[in-house]
Amino acid sequence: MQKKNQEQSLVLQHDVLEFLTVAVQYCAYVESAEQRERNEFVETMLKLLPLLYLKGMLLTPFDMNDEVELEDAVTEENYDIVRTNISYVMGEQDDYLDVFVEDMKYSDTPILTTVSENLADVYQDLKNFCVAMRSESDELMTEAVAQCRQNFEHYWGQRLVNVMRALHDVRFGDQQEV
């Protein structure tokens, strides 16, 4: 019983609430990407993504509970809409070469990937997390934090830092030296 009460208090700890705040901002921003100009979108992503990474690092790594199953809030259609809208905003600068992808193990050359797909992948995990946190069920919220932290370590954290490099290049790559 004491462990359950301890987990309940940890789920709503300061670090989780700060991560949730940034995750909500990120999700809202990418859901409205089509309303942005490329420069504004890139500038905002270069501010939000480092915050997400930092706040993801600070999440308490809870043990996963196999008995608790979270629903996927993001449908394939939602994912495609977000990815397509980001792709539209990024235009010809959506593609970039990446060496930190699974397929690179079998290739001598970098793999072509997209800013839009990587940001949509991050969005999918974060949106699922945000929706689960609205449940107000301590069990679901604990599982949401556990899954989000695990996915950060093994999946979307790497995508986040990869896409930051590409966005940095979009923002600063074509500037003339003075």
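The rules behind each value
- Residues numbered from 1 in each chain as written.
- Predicted model: local features only at pLDDT ≥ 70, side-chain atom pairs only at ≥ 80, totals over all residues.
- Heavy atoms only, no water.
- Phe/Tyr/Trp six-rings, centres within 6.5 Å; stacked < 30°, edge-to-face > 60°.
- Helix = DSSP H or I, 4+ residues; strand = E, 2+ residues; numbered from the N terminus.
- Contact = heavy atoms within 4.5 Å.
- Buried < 20%, exposed > 50% of the residue type's maximum accessible area, 1.4 Å probe, protein only.
- Pairing = 2+ DSSP bridges.
- Axes fitted to C-alpha atoms, helices over the stretch in contact; angles between N-to-C directions.
- Parallel < 35°, antiparallel > 145°, perpendicular 65-115°, else oblique.
- Left-handed = near helix turned anticlockwise from the far one by under 90°.

Asks: Explain the packing of aromatic side chains to me, please; I cannot follow it from the model alone.
Replies: The geometry of an aromatic ring pair is captured by the separation of the ring centres together with the interplanar angle, meaning the angle of the planes. Throughout the structure, instances matching the rule amount to 5 aromatic pairs. These aromatic residues form a ring-pair network of at least three members: Phe-19, Tyr-53, Phe-129, Phe-152 and Trp-156.

Asks: Is there a simple way to explain the environment of Glu-117 in this structure?
Replies: Along the chain, the position of Glu-117 falls in helix 5 (residues 115-133). When residues no more than four places from it in sequence are discounted, the contact partners of Glu-117 are Tyr-79 and Arg-83.

Asks: So what exactly am I meant to see when it comes to the pairing of strand 1 (residues 95-98) here?
Replies: Remark: a regular strand shows side chains that alternate across the two faces of the sheet. Side chains Tyr-96 and Asp-98 of strand 1 all project onto a buried face; the interleaved residues Asp-95 and Leu-97 project onto a face where none is buried. By the bridge criterion, 4 bridges tie strand 1 to strand 2 (residues 111-114) in an arrangement that is antiparallel. Bridge pairing in strand 2 places Tyr-96 opposite Thr-113.

Asks: Teacher, can you tell me more about the packing of helix 3 (residues 38-58) against helix 5 here?
Replies: A packed helix pair is summarised by two numbers, namely the angle formed by the two axes and the spacing between the axes. Packing of helix 3 against helix 5 leaves a shortest axis separation of 13 Å and a crossing angle of 50 degrees. One way to sum up the angle between helix 3 and helix 5 is to call them oblique. Helix 3 and helix 5 meet at a crossing whose hand is left-handed. Mapping the contact onto sequence places Phe-41, Met-45, Leu-49 and Leu-52 in helix 3 and Leu-119, Val-122 and Leu-126 in helix 5.

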